[in-house]
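Listed here are the chains, written in short residue letters.
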Amino acid sequence: MLNVQPVTLEQAPVRLVPLSLEHEAGLKAAAADGELWTLRVTSVPEPEQTRAYIENALAGQAAGHRLPFAVLDSASGRVLGSSSYHDIVPGIDRLEIGWTWYARSVQRSAVNTTAKLLLLTHAFETLGAQLVGWRTDNYNFASQRAIERLGAKKDGVLRHHALRRDGTVRDTVMYSLAAGEWPEVKAHLNWLLARPR
């Protein structure tokens with residue numbers, strides 16, 4: 001049975017640490033790199049909402065269904081963004097990875113692949129997850145490509161599923177990766193990180 005507890009995960013170029021209110025200024029700066037809160041299809045907080053964003057994540061952690069991380073540059077300690085385990089269901093050893101976003105300057109770099117490798121390795125090899133899921137907005141094509149690049153399988157679309165920040169209702173694209181698929185996906189992610197750029 002999944003026992004998800006705060007943990008620090010590290011592999012250059014990133015370190016994932018338990019999210020705390022101490023990361024507020026760093027998250028504001030990361031979100032300002034690209035004014036990410038203006039993107040209609042993401043959950044990036046507006047500057048004045050950053051503290052509430054962290055408090056909401058920590059409330060989810062206290063309730064047992066979320067474990068939020070600050071994603072840091074492992075060399076400098078600069079906050080690059082955030083990611084979480086969420087929708088944690090211990091009874092069936094299932095969790096999802098989401099609430100993920102990064103400063104524009106580190107998008108399309110090794111940051112996301114490395115962070116996902118760390119989160120997936122911990123989920124499957126330490127926690128004993130049998131399935132890891134993802135969900136994204138049907139219009140967030142960049143997120144869909146990133147999830148598919150990881151090797152996740154598209155499960156389908158939940159229509160009229162969730163509110164966006166602008167009050168419209170989104171369809172949610174669901175993805176998953178099963179434990180039996182993990183060894184091949186892990187090899188692929190390591191190859192992506194090792195290949196010449």
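Residues numbered from 1 in each chain as written. Predicted model: local features only at pLDDT ≥ 70, side-chain atom pairs only at ≥ 80, totals over all residues. Heavy atoms only, no water.

1. Some remarks on the overall build of the chain
No. 1: In terms of helices and strands, the chain carries 5 helices and 8 strands.
No. 2: Since a compact globule built from 197 residues should have a radius of gyration of about 16 Å, the 16 Å found for the chain is in line with a globular shape.
No. 3: Each principal axis of the C-alpha distribution contributes one length, and for the chain these read about 40 × 40 × 35 Å.
No. 4: Expressed as a percentage of the 197 residues in the chain, the buried residues total 45%.
No. 5: Taking the intrachain contacts of the chain between residues at least 6 apart in sequence as the baseline, contacts between residues at least 24 apart amount to 61%.
No. 6: When the accessible surface of the chain is summed, it comes to about 9,600 Å², and 53% of that surface belongs to carbon and sulfur atoms.
No. 7: The distance from the centre of the 22 positive side-chain charges to the centre of the 20 negative ones in the chain is 5 Å. (Helix = DSSP H or I, 4+ residues; strand = E, 2+ residues; numbered from the N terminus. Rg over C-alpha atoms; globule rule 2.2 N^0.38 Å. Buried < 20%, exposed > 50% of the residue type's maximum accessible area, 1.4 Å probe, protein only. Contact = heavy atoms within 4.5 Å. Areas by Shrake-Rupley, 256 points an atom, 1.4 Å probe, with all protein chains shown as cover. Lys, Arg positive; Asp, Glu negative; His and termini not counted. Charge placed at Lys NZ, Arg CZ, Asp CG, Glu CD.)

2. As for unusual backbone geometry
No. 1: A cis geometry characterises the amide bond from A12 onward to P13, with omega recorded as 20°.
No. 2: As for its position among the elements, P13 is in the loop between β1 (9–11) and β2 (14–18).
No. 3: One non-glycine residue, E35, adopts positive backbone phi at about 45°.
No. 4: Residue placement: E35 occurs in the loop between α1 (24–32) and α2 (50–63).
No. 5: Positive phi is not limited to glycine here, since H160 has a value of about 50°.
No. 6: The residue H160 is located in strand β7 (residues 153–163) in this model.
No. 7: For H160, a relative accessible area of 63% gives the class exposed.

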